[in-house]
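# Breakdown of the fold
So the chains spell out like this:
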Amino acid sequence: MDEQTPGTPSDAPAPQGPTLFDWEFATDPYPAYAWLREHSPVHRTRLPSGVEAWLVTRYADARQALADQRLSKNPAHHAEPAHAKGKTGIPGERKAELMTHLLNIDPPDHTRLRRLVSKAFTPRRVAEFTPRVQELTDHLIDGFAAKGEADLIHEFAFPLPIYAICEMLGVPREDQDDFRDWAGMMIRHGGGPRGGVARSVKHMRTYLGELIHRKRDDLGNDLISDLIRASDHGDHLTEAEATAMAFILLFAGFETTVNLIGNGVHSLFMNPDQRALLQASLAAGESALLATGIEELLRYDGPVELATWRFATEPLTLGGQEVAAGDPVLVVLAAADRDPDRFADPDTLDLSRTDNQHLGYGHGIHYCLGAPLARLEGQTALATLLTRLPDLELAIPPQELRWRGGLIMRGLRTLPVRFTPRNT
């Protein structure tokens, strides 16, 4: 129940809440989230899918929820009938038998599977991948630099992480364009019909299963080969688990970075003073502002708006609200990361912000495994764009930009830009 304003009659009507999850909200959700933080910080709502869930919007409550083991990642704990469970995850993953991945399981299985793949994303291994990320970045910019215009989402921010994660997984280069097509279907249908996404998930599952079979006879220096080796050495990784693991690393490893790059460039366009500071820092050969800047862009308008689904395994109290067993809980990272009780001037972009324990990649045991790779891709992409195309600018009025309407991710549909053409 909302607190009463001093002097307000006890029977006064409750303040009217904002409309959630329409297209206007998708364009700028932050005023609505500010209202929820103040008036209904743990808020029960009906989602566009028809599922009712709790939205957690304050930073302190969000950190608690992300680390609370009473909030399970396993959809089996959802209290609603089985048919509703298909509305709470990745479209098509259940039919494709891809449920046994890190986003859907709890310890001890989560601990075991995460340990098997965590070595692929250590800072050392990611650092070894840095030259290849730079090479991919330059190659993509070479593809449009002479035109003087581009759609930065589809020509740059989207293919970069697709090709990077495919190479880490060990997908042959001749097959990577297929993954780009399947992933593109997921992006295009982020807020619309789920059938196209489900078909893409099925294609990926079939391909990855076949690739795992082929690699058993020809192991390489890649993540899928590492998963096979781990299984062969008695770590109890089933073929279904290996396929699901490869799938979720691909699925979760590309769209977050697409949005990090797209949202980051957009934020710099909307804050030209901060962009000028960053470009001056890069021109001077400095890296400190780029490092703090990528964290601030993750906080200010990050790629993941809501953390993935959690389900209460028992009755619990969260932010003063009683949450029943089986209730879905969605932690709103975008709201928590603009909480004025945690961040000074939270609606201001400050690339030099150092006290920045944002939740952009989560918190606790489900903290994003691929965060080091995403940071590398984001830093490389922004630094190279601003250095090679210093007069880059938005090619349409900002109000004409359209945001995808999906529940979990936050990202632009397109980002048309123009610049002085440059020969490569």
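For the structure itself, look to the data block above.
Presented here is an overview of the structure given in this document.

Rules of the game
Residues numbered from 1 in each chain as written. Predicted model: local features only at pLDDT ≥ 70, side-chain atom pairs only at ≥ 80, totals over all residues. Heavy atoms only, no water. Helix = DSSP H or I, 4+ residues; strand = E, 2+ residues; numbered from the N terminus. Buried < 20%, exposed > 50% of the residue type's maximum accessible area, 1.4 Å probe, protein only. Contact = heavy atoms within 4.5 Å. Areas by Shrake-Rupley, 256 points an atom, 1.4 Å probe, with all protein chains shown as cover. Pairing = 2+ DSSP bridges. Axes fitted to C-alpha atoms, helices over the stretch in contact; angles between N-to-C directions. 1 Å grid on protein atoms, 1.4 Å probe; cavity = no way out; pocket = protein on both sides within 12 Å on 5 of 7 lines; lining within 4 Å. Points joined across faces, edges and corners; volume = space filled by probe spheres on them.

Let us look at the overall build of the protein chain. On a plain count of helices and strands, the protein chain comes out with 17 helices and 10 strands. For the protein chain, with 424 residues in total, the buried portion stands at 54%. Considering only residue pairs separated by 6 or more positions, the protein chain has 72% of its internal contacts joining residues 24 or more positions apart. Counting only carbon and sulfur atoms, one obtains 51% of the accessible surface of the protein chain, whose full area is about 18600 Å².

Attention now goes to the sheet that holds strand β5 (residues 310-312). One open sheet accounts for five strands, arranged β1-β2-β8-β5-β3; its pairing is mixed. Where the open sheet ends on each side, the last strands, each with one partner, are β1 (42-46) and β3 (71-72). The pairing of β1 with strand β2 (residues 52-56) spans five bridges and is antiparallel. Within β2, the position partnered with Thr 45 by the bridge is Ala 53. Helix-sheet contacts for helix α3 (residues 59-67) involve β1, β2, β3, β5 and β8 (328-331), and the interaxial angle to β8 is about 125°.

This brings us to empty space enclosed by the protein. Under the definition given, this model contains three cavities of 30 Å³ or more. One number sums up the size of the largest cavity: a volume of about 110 Å³. Lining the largest cavity are 14 residues, with Ala 26, Glu 305, Arg 404, Gly 405 and Gly 406 positioned closest to its centre.

Pairing is antiparallel in the open sheet, where three strands are placed in the order β4-β10-β9. In this open sheet, the two edge strands, each paired with only one partner strand, are β4 (149-151) and β9 (393-394). Across two bridges, the pairing between β9 and strand β10 (residues 416-418) is antiparallel. Looking across to β10, one finds that Leu 394 is bridged to Val 417.

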